[in-house]
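Report on the structure
Chain residues, written in single-letter form:
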Amino acid sequence: PAPISALMSGVLLSVAFTCLLRVKAVIDAAVGIGLMRNGMLTLALLTLAICAGLMLEQHDYKRLLAYSSVEFMALAALGASAATPLAVSAVLLLLIVHGLVKSVLFIASGHLQQAHHSTSIAAVTGLLHRNRELAVALVAGGCVLIGLPPFGLFPSEVGIARAAAGAGLSWPLGVGFAFVLIAVTGVVRHGGTMLLGDTDLATPMILLGRLDRTVLVAGLAGCLLLGITTAGLGGVLSS
């Protein structure tokens, strides 16, 4: 169900990765940064490569979002391998914004699934003509997901790039972001298929209640606010 998917992607993955960061700090202090750095870089690049291919040729929009979550955890691992305060701050910001946007997108996908009784990308077409509010939420969520400014994933990815380059990890950074670009292509391609196109009388209408609108707007507003300022989160991001 969409609410459970939102919790698993937006909350569970973030909590699990935060635990990994805590363990990494202990291992780094005990045996040096090389062990965890090499392991996380290897798994991050392998995961990014797999997710890029799966997202590019995906036919299920909920699986597309799920593989995107895995992709972002790999990107967080790439950033954490730099092992600098900037890297950790950027990774924590990524986890927070990712949690917000994935909650929005999974809840929006739940409305699509309820209307179509299917999670197939091919089953959804002409969404801009059927419910502009939901379409705008999906477009805004997609912009957050692919890292466009002024949303919060943009400064987090810039921070990861700066930290990795400063730690001498330029080639893994380049390879990793190349895979991210392929994944972005998949998101844009499939999103365009769902938003555009013609509709007919047999296409189900999609209605949003006041609470639905509030949740979607609040999540996207949080992503926007974190892209402009991190006021109030300084202690969390630097801890």
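This text gives an overview of the structure that appears in the document.

Conventions we followed
- Residues numbered from 1 in each chain as written.
- Predicted model: local features only at pLDDT ≥ 70, side-chain atom pairs only at ≥ 80, totals over all residues.
- Heavy atoms only, no water.
- Helix = DSSP H or I, 4+ residues; strand = E, 2+ residues; numbered from the N terminus.
- Expected span 1.5 Å × (residues − 1).
- Buried < 20%, exposed > 50% of the residue type's maximum accessible area, 1.4 Å probe, protein only.
- Contact = heavy atoms within 4.5 Å.
- Polar contact = N/O pair within 3.5 Å; in protein donor to acceptor, adjacent residues only side chain to side chain.

Some words on helix H6 (residues 132-145)
Relative to the 20 Å expected for 14 residues at 1.5 Å per residue, H6 spans 19 Å between its end C-alpha atoms, a close match to the ideal helical length. Listed in full, the buried residues belonging to H6 are Leu134, Ala135, Ala137, Leu138, Ala140, Gly141, Gly142, Val144 and Leu145. Those residues of H6 hidden inside the fold are in contact with helix H3 (61-80), helix H4 (85-116), helix H5 (127-130), helix H7 (153-166), helix H8 (170-195) and helix H9 (210-228). Taken from the residues just after H6, Gly147 is the one with a positive phi, measuring 85°.

Remarks on the side chain of His190
As for its position among the elements, His190 is in helix H8. Within the structure, the side chain of His190 is placed 3.3 Å from the backbone oxygen of Leu56, a separation counted as a polar contact. Discounting chain neighbours no more than four positions away, the residues touching His190 are Met55, Leu56, Glu57, Gln58, Leu64 and Ile121.

Quick word on unusual backbone geometry
Across the junction of Pro149 and Pro150, the peptide omega takes the value 10°, indicating a cis bond. Even without a glycine there, the phi angle at His117 is positive, about 55°. Owing to a relative accessible area of 72%, His117 belongs among the exposed residues under this scheme.

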